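Residues per chain are reported as follows:
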Amino acid sequence: MNMINTILFDLDGTLLPFSQAAFVENYFPRLGKVFAEMGLDAQLCVKAVWAGTKAMAQNDGGALNCQRFWAAFSKAAGLEGERLRMVEDACDSFYTGDFDAVKEILSPADISGQIVRAVKTKGYTAVLATNPLFPACAITTRLGWIGLEPGDFALITHYANSSYCKPNPGYYREILEKLGRPAQNCLMAGNNTAEDMCAGELGAQTFLVTDFLENESGMDITKFTRGTLEDFGQYLSLLPDIS
């Protein structure tokens, strides 16, 4: 039996306590303001963001997610060249600035940071296996909402280092290749039955975090090891030290 030595953490709804609906409602008006301040059609550009997101979700591994995103955004928004690069720079500035205000929808607790730091102390490799739809700077900001930073993880998936999205098994295979570890050495924790629990199909152990459970397909969750984030912390505390 292979011993677990790597813990993969989902971010949204797992370590980061919020619902996708509340996030979208707060996030897109702020992002639209960035486009409007550039003299662009904010509504059109927000639609282009959705087009780019869809392109990333359908990525087959032939290009990085960021390349898929900006190609689709460019086509949908009718922007290219220097104008497109200005939009990309403006978005990066947004993610390191005004985007931080989105944290108002959260009720952050210290437990997420405690769990990540505890498994590292026990000798485990911590990976942030967040669906790679955002640039790294946006993920850094979101980690700050729960008192974590990029240095807390051996690997963070983002749109510029990934060429698949959840629930495509290629997403997890890509992580395993970067880590140089078999799935059997890994435990994936997440709140989405489709996107996170599919890691089990590759041989990883899984833990379904139920505080902000996402189960659109109505999957039978009794087959999963599951519980609240606090339960997951207790579950991890029972793992042996390997440091």
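Residues numbered from 1 in each chain as written. Predicted model: local features only at pLDDT ≥ 70, side-chain atom pairs only at ≥ 80, totals over all residues. Heavy atoms only, no water.

### Side note on the overall build of the chain
The helix and strand inventory of the chain stands at 8 helices and 6 strands. Secondary structure of the chain in N-to-C order comes out as β-α-α-α-α-α-β-α-β-α-β-β-β-α. Taken against the 2.2 N^0.38 rule, which gives 18 Å for 243 residues, the C-alpha radius of gyration of the chain at 18 Å falls within 12% of a compact globule. Here the chain, with 243 residues, has 51% of them falling under the buried criterion. In the chain, the share of contacts with a sequence separation of at least 24, taken over all contacts with a separation of at least 6, comes to 67%. On the chain, roughly 11100 Å² of surface is accessible, and the fraction owed to carbon and sulfur atoms is 50%. When the 19 basic and 29 acidic side-chain charges of the chain are each reduced to a single mean position, those positions are 3 Å apart. (Helix = DSSP H or I, 4+ residues; strand = E, 2+ residues; numbered from the N terminus. Rg over C-alpha atoms; globule rule 2.2 N^0.38 Å. Buried < 20%, exposed > 50% of the residue type's maximum accessible area, 1.4 Å probe, protein only. Contact = heavy atoms within 4.5 Å. Areas by Shrake-Rupley, 256 points an atom, 1.4 Å probe, with all protein chains shown as cover. Lys, Arg positive; Asp, Glu negative; His and termini not counted. Charge placed at Lys NZ, Arg CZ, Asp CG, Glu CD.)

### Observations concerning the layout of surface pockets
As a volume, the largest pocket reaches approximately 860 Å³. Lining the largest pocket are 38 residues, and of these Q20, T53, N131, L133 and E195 sit closest to its centre. For the lining of the largest pocket, the secondary-structure elements that each account for two or more residues are α1 (20–37), α2 (42–57), α3 (65–77) and α4 (81–95). Ranked by residue count, the leading element in the lining of the largest pocket is α1, at 6 residues. Broken down by class, the residue content of the lining of the largest pocket amounts to 20 nonpolar, 9 polar and 9 charged. Of the volumes computed, that of the second largest pocket is approximately 150 Å³. Along the walls of the second largest pocket sit 14 residues, with T14, P17, I111, D211 and L229 positioned nearest its centre. Elements represented by at least two residues in the lining of the second largest pocket include exactly α5 (111–121) and α8 (229–237). Looking at the lining of the second largest pocket, its residues break down into 7 nonpolar, 5 polar and 2 charged. (1 Å grid on protein atoms, 1.4 Å probe; cavity = no way out; pocket = protein on both sides within 12 Å on 5 of 7 lines; lining within 4 Å. Points joined across faces, edges and corners; volume = space filled by probe spheres on them. Nonpolar A, V, L, I, M, F, W, Y, C, P; charged D, E, K, R; others polar.)

### Observations concerning the packing of aromatic side chains
Within the structure shown, the criterion is met by 27 aromatic pairs. Ring geometry for Y95 and F134: centres 5.9 Å apart, planes at 80°, overall edge-to-face. Separated by 39 residues along the polypeptide, Y95 in helix α4 and F134 in the loop between β2 (125–128) and α6 (136–144) bring together distant segments of the chain. Residue classification places F134 among the buried residues on the basis of a relative accessible area of 11%. Measuring from ring centre to ring centre gives 5.2 Å for F207 and Y235, while their planes differ by 50°; the resulting arrangement is tilted. Of this pair, F207 sits in strand β5 (residues 205–209) while Y235 sits in helix α8, and the two are 28 residues apart along the sequence. Taken together, the ring pairs connect F18, F23, Y27, F28, W50, F94, Y95, F99, F134 and W145 into an aromatic cluster. A cation over a ring is seen here: R142 above F134, with NZ or CZ 4.7 Å from the ring centre. (Phe/Tyr/Trp six-rings, centres within 6.5 Å; stacked < 30°, edge-to-face > 60°. Lys NZ or Arg CZ within 6 Å of the ring centre and 35° of its normal.)

### Comments concerning the pairing of strand β4 (residues 186–190)
With respect to burial, β4 is a largely interior element, 5 of its 5 residues being buried. Burial of β4 is two-sided: the residues C186, M188 and G190 facing one way and the residues L187 and A189 facing the other way are all buried. With 4 bridges joining them, strand β1 (residues 6–9) and β4 adopt parallel strand pairing. Paired with I7 across the strands is L187, a residue of β4. Direction of pairing for β4 relative to β5: parallel, over a ladder of 4 bridges. In the strand pairing of β5, L187 is matched with Q205. (Pairing = 2+ DSSP bridges.)

Shape is all these values report; function is a separate question.
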